Amino acid sequence: LYNYRADWPIFGMNWSQKRNQPFRLAIGSFIEEYTNKVQFLELDEDAGEFKVHSTIDHPYPTTKIMWIPDLDDQRPDLVATTGDYLRIWRVGENKTKLECLLNNNKTSEFCAPLTSFDWNEKHQNIIGTASIDTTCTIWDVTAEKEVARVGGEVKTQLIAHDQEVYDMAFCKSNDHDLASVGADGSVRMFDLRSLEHSTIIYDDPEHSPLLRLAWNKQDDHYLATLKMDDHEVIILDHRNPCIPVSVLSAHDAELNGMAWAPHSSCHICTVSDDKKALIWDIQDIPKGRADPILAYTAGGPINQCQ
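No experiment lies behind these values; they were computed from the predicted model shown. (Residues numbered from 1 in each chain as written. Predicted model: local features only at pLDDT ≥ 70, side-chain atom pairs only at ≥ 80, totals over all residues. Heavy atoms only, no water.)

A closer look at the pattern of salt bridges
Then, in step 1: Inspection of every chain in the model, using the stated rule, returns 17 salt bridges.
Then, in step 2: Among the salt bridges present, the one from Asp-162 reaches Arg-188, with a minimum N-O distance of 3.5 Å. Here Asp-162 is found in the loop between strand 12 (151-159) and strand 13 (165-170), whereas its partner Arg-188 is found in strand 15 (residues 186-191), with 26 residues between them in sequence.
Then, in step 3: A salt bridge links Asp-252 to Lys-276, with the nearest nitrogen and oxygen atoms 3.7 Å apart. With Asp-252 in the loop between strand 20 (246-249) and strand 21 (255-260) and Lys-276 in strand 23 (residues 276-281), the pair connects residues that are 24 residues apart, well separated along the chain.
Then, in step 4: Given a relative accessible area of 56%, Asp-252 falls into the exposed group.
Then, in step 5: Lys-276 gets classed as partly exposed once you look at its relative accessible area, which sits at 27%. (Salt bridge = Lys/Arg side-chain N within 4 Å of Asp/Glu carboxyl O. Helix = DSSP H or I, 4+ residues; strand = E, 2+ residues; numbered from the N terminus. Buried < 20%, exposed > 50% of the residue type's maximum accessible area, 1.4 Å probe, protein only.)

In structure tokens:
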């Protein structure tokens with residue numbers, strides 16, 4: 001078990017996916033000030049601890065951090081963050097520098113904050129962002145190794161919900177399906193090849209805002225979402241819309257996040273203000289209620305899992 005203690009509360013977090021550079025972690029601060037931090041960590045296996053590679057200032061807390069999903073090191077070593085804007089950073093040998101700041105609102109000095117984003121695993125030049133202005137924006141990012149500087153432009157923008165969009169995710173098995181959740185309490189699916197229509201696969205009966213969305217990494221029929229100020233995770237099968245496959249309930253306080261296992265279609269981890277991280281096996285969900293199979297108790301509320 002490896003531990004790292006930052007000098008500030010941690011909210012954003014993501015693992016690097018490059019096979020030739022394992023155990024690299026990006027973490028973001030949650031400080032109630034304009035200037036926040038993003039820190040890049042590397043595991044020193046000889047010392048058995050994480051060491052700081054570099055630290056950068058970031059305007060406002062990051063709503064999400066994500067390394068480019070480049071398993072085979074075919075692209076630059078990039079990290080994206082969202083907050084007021086979408087920013088893309090290049091992680092170098094000894095330092096990290098800003099490559100580009102992407103802003104879709106060119107007509108106003110004000111911006112609609114970005115609540116989340118996802119990086120398409122099939123086409124790594126595609127990033128989608130979610131915003132409180134009810135839209136999702138799809139960006140085409142120049143991210144080849146031979147380019148001197150990374151850039152990006154808007155590929156398309158869609159009005160995704162009737163109210164704020166809080167999260168979005170691309171399907172892991174194709175390059176055209178995406179899903180989103182928002183303050184209107186719905187989960188919606190879109191096809192990038194035909195954005196005139198969307199499919200509502202879940203509509204919360206109480207219209208409670210849905211804060212997070214996670215698409216199963218091995219079986220794209222399944223998604224998970226959670227409500228604002230709620231203790232439960234809702235498991236959905238988009239082949240049978242509107243009716244949850246299961247509701248995972250074992251936490252004693254509000255949930256903050258969830259993540260599907262990268263290697264298994266039936267395991268998911270959930271974290272909460274109750275200081276617990278629970279791992280669930282949903283393989284037998286049709287046969288009855290699911291219970292967590294593993295539990296970890298931290299020293300304080302857990303804000304994120306990856």
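Some points on the pairing of strand 2 (residues 24-29)
Then, in step 1: Summarising burial for strand 2: six of the six residues are buried, a large majority.
Then, in step 2: Every second residue of strand 2 is oriented toward a common face, with Arg-24, Ala-26 and Gly-28 on one face and Leu-25, Ile-27 and Ser-29 on the other, all of them buried.
Then, in step 3: As judged from the four bridges shared by strand 1 (residues 10-15) and strand 2, these two strands associate in the antiparallel manner. If you follow Ile-10 over to strand 2, its bridge partner there is Ser-29.
Then, in step 4: The turn linking strand 2 back onto strand 3 (residues 35-44) is made up of five residues. (Pairing = 2+ DSSP bridges.)

Describing the state of the cysteines
Then, in step 1: Summed over all chains, the structure comprises zero disulfides.
Then, in step 2: In this model Cys-242 remains outside any disulfide bridge; the closest cysteine sulfur is found in Cys-171, 19 Å from its own.
Then, in step 3: Cysteine Cys-269 remains unbridged, with the sulfur of Cys-305 as its closest cysteine sulfur at 4.4 Å. (Disulfide = S-S within 2.5 Å.)

A look at the pairing of strand 21
For a regular strand, the rule is simple: side chains alternate between the two faces of the sheet.
Then, in step 1: Along strand 21, five of the six residues are buried, which leaves the element largely enclosed by surrounding structure.
Then, in step 2: Direction of pairing for strand 21 relative to strand 22 (residues 267-272): antiparallel, over a ladder of five bridges. Paired with Met-258 across the bridge in strand 22 is Thr-270.
Then, in step 3: Counting the residues in the hairpin turn of strand 21 and strand 22 gives six residues.

In short, shape yes, function no, at least from these values alone.
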